[in-house]
Amino acid sequence: MSKKKILITWPLPEAAMARARESYDVIAHGDDPKITIDEMIETAKSVDALLITLNEKCRKEVIDRIPENIKCISTYSIGFDHIDLDACKARGIKVGNAPHGVTVATAEIAMLLLLGSARRAGEGEKMIRTRSWPGWQPLQLVGQRLDNKTLGIYGFGKIGQALAQRARGFDMNVHYYDIYRAKPEVEAKYNATYHDSLDSLLKVSQFFSINAPSTPETRYFFNKETIEKLPQGAIVVNTARGDLVKDDDVIAALKSGRLAYAGFDVFAGEPNINEGYYDLPNTFLFPHLGSAAIEARNQMGFEALDNIDAFFAGKDMPFKLA
Ligand SMILES: NC(=O)C1=CN([C@@H]2O[C@H](COP(=O)(O)OP(=O)(O)OC[C@H]3O[C@@H](n4cnc5c(N)ncnc54)[C@H](OP(=O)(O)O)[C@@H]3O)[C@@H](O)[C@H]2O)C=CC1
Ligand SMILES: O=C(O)C(=O)CO
């Protein structure tokens, strides 16, 4: 029997590509230049399934242009804010994501952002690289320790909990808000204190980590009003999605000192980030590195392929979204 054909919109790590080639006739788009939506739709005419990334924004108008032969889309990400699931459902397209491989890697990056923001690591690195280090000084780049500080986690899912575990290792007090309260054994595991409202969490959060998905409810929730509820000089880190924060409000608060520091891995409109961030010293900024660990990227590939395998076997996708 001839192999099914799949389009992989960006080359993946070799372990995932090898597994894909074993089962499928694979068309993999090169990474330079980036695949355009038009190219994706054109190639989709001659394949049986799409394995996409978060770069391919599959809004309704794009899904409506996907050829009829495509009934399976699997995304190489847990986040699915780039896919209009209702439009997919309306077209009878099954959709799955890759939810587990990213967890530890992204929690590590959140921890790195917390530590690097508190200890001004980016500023120190810049001083060395720009050959402007005058030598050790008592008041040079003085930050603060993490121990005994309160970390508020907004969105206590897989990454939020993995971050809690790491923060406990740094002797932080873990507090959280989520739409659903975690089970008692989960709270006990991380010694985590639940808040029944975001406002209540904000009030105690000397450090605040954003770990909820991008949804109509969470979009721009971190804004002037929210910032005003944090303790003076709080530090915020975001490894979720850029559109959860209102950039202009964050930038104004960083300039005034209302927020001491922001450590961000994700930005609205990536890679074109708000110009205001570039010259602010009190930021520690990464280019969406959360899942960029080989263990994560391999597992993401396997999970995305598990969905496609299940689809062709006539079964429910293991990581089904629609
Ligand atoms: N920087 C990076 O490279 C990466 C970024 N991400 C981002 O991180 C996000 C979180 O990932 P992960 O932890 O694995 O996802 P999970 O689904 O495991 O956790 C998200 C948590 O947020 C909760 N939540 C949803 N809506 C709200 C809300 N309005 N207020 C408070 N909590 C809410 C969810 O509750 P419920 O389950 O009840 O909906 C869930 O407990 C992803 O959606 C993705 O956008 C993920 C991987 C890598
Ligand atoms: O899996 C996701 O949602 C990501 O952001 C990958 O880095």
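Model, not experiment: these values are computed from the prediction. (Residues numbered from 1 in each chain as written. Chains lettered and ligands numbered in written order. Predicted model: local features only at pLDDT ≥ 70, side-chain atom pairs only at ≥ 80, totals over all residues. Heavy atoms only, no water.)

Describing the pairing of strand 3 (residues 49–52)
Next, step 1: Burial of strand 3 is two-sided: the residues A49 and L51 facing one way and the residues L50 and I52 facing the other way are all buried.
Next, step 2: Note: strand 1 (residues 5–8) against strand 3, three bridges, orientation parallel. When the sheet's bridge partners are listed, I6 is paired in strand 3 with A49. (Buried < 20%, exposed > 50% of the residue type's maximum accessible area, 1.4 Å probe, protein only. Helix = DSSP H or I, 4+ residues; strand = E, 2+ residues; numbered from the N terminus. Pairing = 2+ DSSP bridges.)

Quick notes on the pattern of salt bridges
Next, step 1: The full count for this structure, using the stated rule, is 18 salt bridges.
Next, step 2: For K60, the salt bridge is made with D64, and the minimal N-O distance between the two is 2.6 Å.
Next, step 3: Here R120 ties to E123 by a salt bridge, and the two come within 2.8 Å at their closest N and O atoms.
Next, step 4: Owing to a relative accessible area of 24%, R120 belongs among the partly exposed residues under this scheme.
Next, step 5: Given the relative accessible area of 17%, E123 is considered buried.
Next, step 6: Sharing partners across several salt bridges, the network here consists of R19, D306 and D309. (Salt bridge = Lys/Arg side-chain N within 4 Å of Asp/Glu carboxyl O.)

Notes on the nonpolar core
Next, step 1: In terms of nonpolar packing, the biggest core is built from 29 residues, with L114, L151, I153, F156, L163, V174 and F207 touching the most fellow members.
Next, step 2: When residues of this core are assigned to their parent elements, the largest contribution, seven residues, is made by helix 5 (residues 103–118).
Next, step 3: With residues up to four places along the chain from it excluded, the contact list for V174 reads L151, I153, F156, A164, A167, R168, Y190, N191, A192 and T193.
Next, step 4: Ranked by size, the runner-up nonpolar core spans 28 residues in total, among them L198, I210, I251 and I273. (Core = buried A, V, L, I, M, F, W, Y, C linked by side-chain atoms within 4.5 Å. Contact = heavy atoms within 4.5 Å.)

Overview of the UniProt feature "domain: D-isomer specific 2-hydroxyacid dehydrogenase NAD-binding" (unreviewed entry) in the chain
Next, step 1: Residues annotated by UniProt as "domain: D-isomer specific 2-hydroxyacid dehydrogenase NAD-binding" (unreviewed entry) correspond here to residues 112–290.
Next, step 2: Span residues 112–290 is 32% helix and 17% strand, its end C-alpha atoms 10 Å apart. (UniProt positions renumbered as here; feature names shortened; annotations may be inferred.)

Details of the pairing of strand 4 (residues 72–75)
Next, step 1: The two faces of strand 4 match: C72 and S74 on one face and I73 and T75 on the other face are all buried.
Next, step 2: Examined bridge by bridge, strand 3 and strand 4 share three bridges and lie parallel to one another. Within strand 4, the position partnered with L51 by the bridge is S74.
Next, step 3: Two strands pair when backbone bridges link them, and strand 4 and strand 5 (residues 94–96) are joined in this way by three bridges, in the parallel orientation. Each residue of the ladder has a partner; that of C72, found in strand 5, is K94.

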